[in-house]
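Analysis of the macromolecular model
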Amino acid sequence: MSMDYPSLAEAEARDAADPLRSWREYFTLPDGVVYLDGNSLGALPSATRDLMRDATEHQWGEGLIRSWNDADWIGAPRRIGDKIAGLIGAAPGEVIACDSVTVNLYKLMGAILAARPGHGKTILTESGNFPTDLHVAAGIAAQHNLVLDAAPREAIVERIGPDTALIVLTHVHYKSGERFDMAAIQALADAHSVPLIWDLSHSVGAVPLDMAADAARFAVGCGYKYLNGGPGAPAFLYVAGEALEFLGSPIQGWMGHAAPFAMTDAYAPAPGIERFLAGTPPMLSLLALEGGVDLMLAADRDALWTKSQALFDFLIQLMAVRCPELTPITPARADLRGSHASFVHPSAWPINRALIDAGVIGDFRAPDVLRLGLTPLYLGFVDVWMAVDRLAAILADGRWQRPEYTAPARVT
Ligand SMILES: *Cc1c(COP(=O)(O)O)cnc(C)c1O
């Protein structure tokens, strides 16, 4: 006996009624591919190809070094930071686009700890957090003679106390998709006067964010996921206005100097958020990031989140009937999760490989998670329907058991 599930015609009807359906035209995606990995590497905005041509042929090729002034390359980290501020509910001057999430975490953690010596003994984070967040926190803890306290999600709240020097939490979990209640945890951290850094890598461009409303003071985030900034795109760093004056970057580079081209021996930090710059900004990557950010800024973000929820519910409904072997681990409640859906299966790795061969690109996260990203800017209901249809076929005929699908790969 088979349970009912939505038909392809129903998916088509929902796409036809989708107010965001035309946004897909702003992206270049390969024919025949359903892309469910925009939470890991966002798709290519078509305008970015033109931006890259202009950046290479004109700005670099013809402008040469003059473009630092003439094309305002030098202002790009702050200009793009101001745009990202508009996406996260921050003010202009509170965000800078630079470096990787890893390096930004290091700079921000180091800056906060140096500003508050002797406050607390531990750095509190979540066990099973994204590896780079844990690694950077462990390294910084050792440098500052602190202990890294990586606690399970359920225990985080009770662990905040007089011994806590700093908290670092990833807002939306990269694997499970679980989301922390930012306002509530921030209020708790504030009640204990403990600084809290939010990692927004899986949140920005995906779920509603309002740093000002939630009183969040410190954050970092990723440029190549939902912001569609391109592979290895620069990340960003956020410090709320009033907190900046106490902070200095532990990487005192010339680009974070108050007057880089005064070429002085002595370091003096830039008065604004630019003090968190280190070396020369990667212009080509920044300009590609700006293309993705501009596109995200132009979209109606409430409509995006509404559609994300609809796609999620549609996916879960289809999976429950057609792929019951895969167990969902992402919370069903929208306010408790991000914009991807994860499923557990002991053979998630070969299943995902077979799925990619069938034209559906999701990803695998060790040890047993199949992760499907829902990016409402360029995905529709038919995409989700096709993805589940192909996954069901793979599970039914068992082709994922072929040796070519079980072989390991360097990047998963
Ligand atoms: C993607 C991601 C990162 C990536 O860090 P990079 O240094 O930019 O490679 C870091 N933290 C989290 C939570 C992520 O999801």
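Owing to the predicted nature of the structure, the values given are computational and were not obtained by experimental measurement. (Residues numbered from 1 in each chain as written. Predicted model: local features only at pLDDT ≥ 70, side-chain atom pairs only at ≥ 80, totals over all residues. Heavy atoms only, no water.)

**Concerning the overall build of the protein**
Of the regular secondary structure elements, the protein holds 14 helices and 15 strands. Relative to a compact globule of 412 residues, whose C-alpha radius of gyration would be 22 Å, the protein shows 22 Å and is just as compact. With 412 residues in all, the protein has 54% of them scored as buried. By sequence separation, contacts in the protein at least 24 residues apart represent 72% of the contacts at least 6 residues apart. In the protein, the 31 positive side-chain charges and the 47 negative ones have mean positions that sit 3 Å from each other. (Helix = DSSP H or I, 4+ residues; strand = E, 2+ residues; numbered from the N terminus. Rg over C-alpha atoms; globule rule 2.2 N^0.38 Å. Buried < 20%, exposed > 50% of the residue type's maximum accessible area, 1.4 Å probe, protein only. Contact = heavy atoms within 4.5 Å. Lys, Arg positive; Asp, Glu negative; His and termini not counted. Charge placed at Lys NZ, Arg CZ, Asp CG, Glu CD.)

**A look at the side chain of Thr330**
With respect to the secondary-structure elements, Thr330 resides in the loop between β11 (327–328) and β12 (340–344). Of the polar contacts made by the side chain of Thr330, one reaches the backbone oxygen of Ser176; its length is 2.8 Å. Among the polar contacts made by the side chain of Thr330, one reaches the main-chain amide nitrogen of Ser342 at a distance of 2.8 Å. Apart from residues no more than four positions distant in its own chain, Thr330 is found in contact with Ser176, Gly177, Phe312, Arg337, His340, Ala341 and Ser342. (Polar contact = N/O pair within 3.5 Å; in protein donor to acceptor, adjacent residues only side chain to side chain.)

**Observations regarding the environment of Ile351**
Inspection of the secondary structure puts Ile351 in helix α12 (residues 348–357). Taking the C-alpha atoms as reference points, Ile351 and Pro117, separated by 234 residues in sequence, lie 50 Å from one another. Contacts of Ile351, omitting those with residues within four sequence positions, involve His345, Leu391, Leu395 and Trp400.

**Here we look at the environment of Gln143**
Within the secondary structure, Gln143 is located in helix α6 (residues 131–143). Along the sequence, Gln143 and Val194 sit 51 residues apart, while their C-alpha atoms lie 19 Å from each other. Engagement of the side chain of Gln143 in a polar contact is seen with the side chain of Tyr106, the distance being 3.3 Å.

**Remarks on helix α10 (residues 283–298)**
For α10, built from 16 residues, the straight-helix expectation of 22 Å at 1.5 Å per residue is met to within 8% by its first-to-last C-alpha distance of 22 Å. Residues of α10 that are buried: Met283, Leu286, Leu287, Ala288, Leu289, Glu290, Gly291, Gly292, Val293, Leu295 and Met296. (Expected span 1.5 Å × (residues − 1).)

**Remarks on the environment of Val293**
Its place among the elements puts Val293 in helix α10. C-alpha of Val293 to C-alpha of Gly81: the two residues are 212 residues apart in sequence and 9.7 Å apart in space. Leave out the neighbours within four places in its chain, and Val293 touches Ile80, Lys83, Ile84, Leu87 and Leu227.

**Details of the site of the ligand**
Close contacts around the ligand come from Ser100, Val101, Thr102, Phe130, Thr132, Asp133, Thr170, Asp199, Ser201, His202, Tyr224 and Lys225, and that covers them all. Val101 places a polar main-chain atom, nitrogen or oxygen, 3.2 Å from an oxygen atom of the ligand. Between the ligand and Lys225, the relevant distance is 2.5 Å, taken from an oxygen atom to a side-chain nitrogen or oxygen of the residue. For the ligand, whose accessible area on its own is 390 Å², the fraction buried by protein is 89%. At the level of secondary structure, the elements contributing two or more residues to the shell around the ligand comprise α5 (101–115) and α6. Residues belonging to the shell around the ligand are distributed by class as follows: three nonpolar, six polar and three charged. (Near = heavy atom within 4 Å. Areas by Shrake-Rupley, 256 points an atom, 1.4 Å probe, with all protein chains shown as cover. Nonpolar A, V, L, I, M, F, W, Y, C, P; charged D, E, K, R; others polar.)

**Thoughts on the layout of surface pockets**
Here the largest pocket defines a volume of roughly 220 Å³. Every residue lining the largest pocket is counted, 13 residues in all, and those nearest its centre are Arg179, Phe180, Asp181, Met182 and Asp335. Taken together, the residues that form the lining of the largest pocket break down as seven nonpolar, one polar and five charged. When residues of the lining of the largest pocket are assigned to domains, at least three map to each of domain 1 (8–45 + 300–406) and domain 2 (72–298). (1 Å grid on protein atoms, 1.4 Å probe; cavity = no way out; pocket = protein on both sides within 12 Å on 5 of 7 lines; lining within 4 Å. Points joined across faces, edges and corners; volume = space filled by probe spheres on them. Domains from an automatic or database assignment.)

**Re the nonpolar core**
Across soluble globular proteins, you tend to see nonpolar side chains buried next to one another. Formed by 96 residues in total, the largest nonpolar core has its most connected members in Ile88, Trp198, Leu200, Met211, Leu315 and Leu391. Residue contributions to this core reach at least three from each of two domains, namely domain 1 (8–45 + 300–406) and domain 2 (72–298). Apart from the residues lying within four places of it in its own chain, the contact partners of Leu391 are Met319, Cys323, Leu326, Ile351, Leu355 and Leu370. Leu108, Leu113, Leu146 and Leu247 belong to the second-largest nonpolar core, a separate cluster that totals 32 residues. (Core = buried A, V, L, I, M, F, W, Y, C linked by side-chain atoms within 4.5 Å.)

**Quick look at the sheet that holds β12**
The sheet built from four strands is open, its strands ordered β11-β12-β15-β14 with antiparallel pairing. A strand with exactly one partner marks an edge of an open sheet, and here the two such strands are β11 and β14 (363–365). Bridging between β12 and strand β15 (residues 369–373) involves five bridges; their strand directions are antiparallel. Pairing of Phe343 across the sheet is with Leu370, part of β15. Here helix α11 (residues 301–322) sits on the sheet in contact with β11, β12 and β15, set at roughly 20° to β12. (Pairing = 2+ DSSP bridges. Axes fitted to C-alpha atoms, helices over the stretch in contact; angles between N-to-C directions.)

The analysis is restricted to geometry; functional conclusions fall outside its scope.
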